[in-house]
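Here's the letter readout for the chains.
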Amino acid sequence: MTKPIIGISGSVIIDDGGIFPGYHRSYVNEDYVDSVVQNGGIPYIIPFNENDEVIKMQLDNVQGLILSGGHDVDPRFYGEEPKQKIGATWPERDHFDMRLLKLAEANGIPVLGICRGAQIINVAHGGTLYQDLSYRSEETLKHSQGHSPSLPTHGMKVEENSKLAEVLGKTDFRVNSFHHQLIKDVAPDLIKVATAPDGVIEGLENKDGSILAVQWHPEMLHRNKKVAFMNNLFKWVVDNAK
């Protein structure tokens, strides 16, 4: 039986030392790759580029898509100017990820957005973000933990009748957290399905359940036996690949 190919949106890392300082390298964190392999798929890193025709051909060669983490989303994509506490942005990668998302939806393949990937999904569909958690008026938990990436630190509640709850098989658990931007206004055609105890939105899905978006990092938890159900997100992508 042929295993499905799962594309993982790539980023670029710039060497800050060694013999090639300033050299650009295409990459994703290895946990994304391992999570796909562990759950029955064939991982393909989709290298960042700015050629829309190439991006289309890249997407046409995969049967499922994972939008990975990374830079802050440029606020121009949701009608704002940059505020003081926004981090590094990369609008060209925003375009790349949004193009992959649009093509994946057109091809009817499953999409899993993780951290920045969840924010990209919301913004691409017309939602907005808090550029930094300090701009939220309510008291807000620490959402950028200074601990092991595989250590869950704050609670999470998932709506019982949601696709996300069906996939995870749980509605009340703890997650790891590495973000300072937050989902603000949910896009009109998406559904809020998971929140942290402080009310921060951490899970979205579309109406037909073909797109799941989570603000935490399940790929960093896939080896943690205490939260082994996080593998279900990657199994969902693999099992529904087309």
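Each remark here, short or long, concerns the structure printed above.
Because the structure is predicted, anything quoted here is derived from the model rather than measured.

Draft legend 1. Seen up close, the side chain of S35. Tracing the backbone through its elements, the reader meets S35 in helix 1 (residues 30–38). Once residues within four sequence positions are removed from consideration, S35 is found in contact with E219, H222 and F234.

Draft legend 2. Looking closely at helix 6 (residues 231–239). Here helix 6 has its buried residues at N231, L233, F234, W236, V237 and V238. Those residues of helix 6 that are buried lie in contact with strand 1 (5–9), helix 1, strand 5 (64–67), strand 6 (111–114), helix 5 (163–168) and strand 13 (211–214).

Draft legend 3. Region of interest: a nonpolar patch on the surface. A cluster of nonpolar side chains, I19, F20 and Y23, forms an exposed patch at the surface whose accessible area comes to about 370 Å². You can see F20 is positioned in the loop between strand 2 (11–14) and strand 3 (24–27). Accessibility expressed as a relative area gives 44% for F20, which makes it partly exposed.

Draft legend 4. Quick peek at the pattern of salt bridges. Taken as a whole and assessed by the stated rule, the structure comprises 12 salt bridges. Ionic pairing is found between D97 and R93, a salt bridge with its closest N-O pair at 3.3 Å. Of this pair, D97 and R93 both sit in helix 3 (residues 91–107), 4 residues apart, roughly one helical turn. R93 matches D97 in its accessibility class, with the two residues each being buried.

Draft legend 5. Quick peek at the packing of helix 2 (residues 52–59) against helix 3. Close contact between helix 2 and helix 3 brings their axes to 10 Å; oriented N to C, the two are set at 45 degrees. By the angle class used here, helix 2 and helix 3 are oblique. The chirality of how helix 2 crosses helix 3 is right-handed. Together, D52, I55, K56, Q58 and L59 of helix 2 and H95, F96, R99, L100, L103, A104 and N107 of helix 3 make up the contact between the two elements.

Rules of the game
Residues numbered from 1 in each chain as written. Predicted model: local features only at pLDDT ≥ 70, side-chain atom pairs only at ≥ 80, totals over all residues. Heavy atoms only, no water. Helix = DSSP H or I, 4+ residues; strand = E, 2+ residues; numbered from the N terminus. Contact = heavy atoms within 4.5 Å. Buried < 20%, exposed > 50% of the residue type's maximum accessible area, 1.4 Å probe, protein only. Patch = residues over 30% accessible without salt bridge, like charges linked within 9 Å, V, L, I, M, F, W, Y side chains within 5 Å. Areas by Shrake-Rupley, 256 points an atom, 1.4 Å probe, with all protein chains shown as cover. Salt bridge = Lys/Arg side-chain N within 4 Å of Asp/Glu carboxyl O. Axes fitted to C-alpha atoms, helices over the stretch in contact; angles between N-to-C directions. Parallel < 35°, antiparallel > 145°, perpendicular 65-115°, else oblique. Left-handed = near helix turned anticlockwise from the far one by under 90°.

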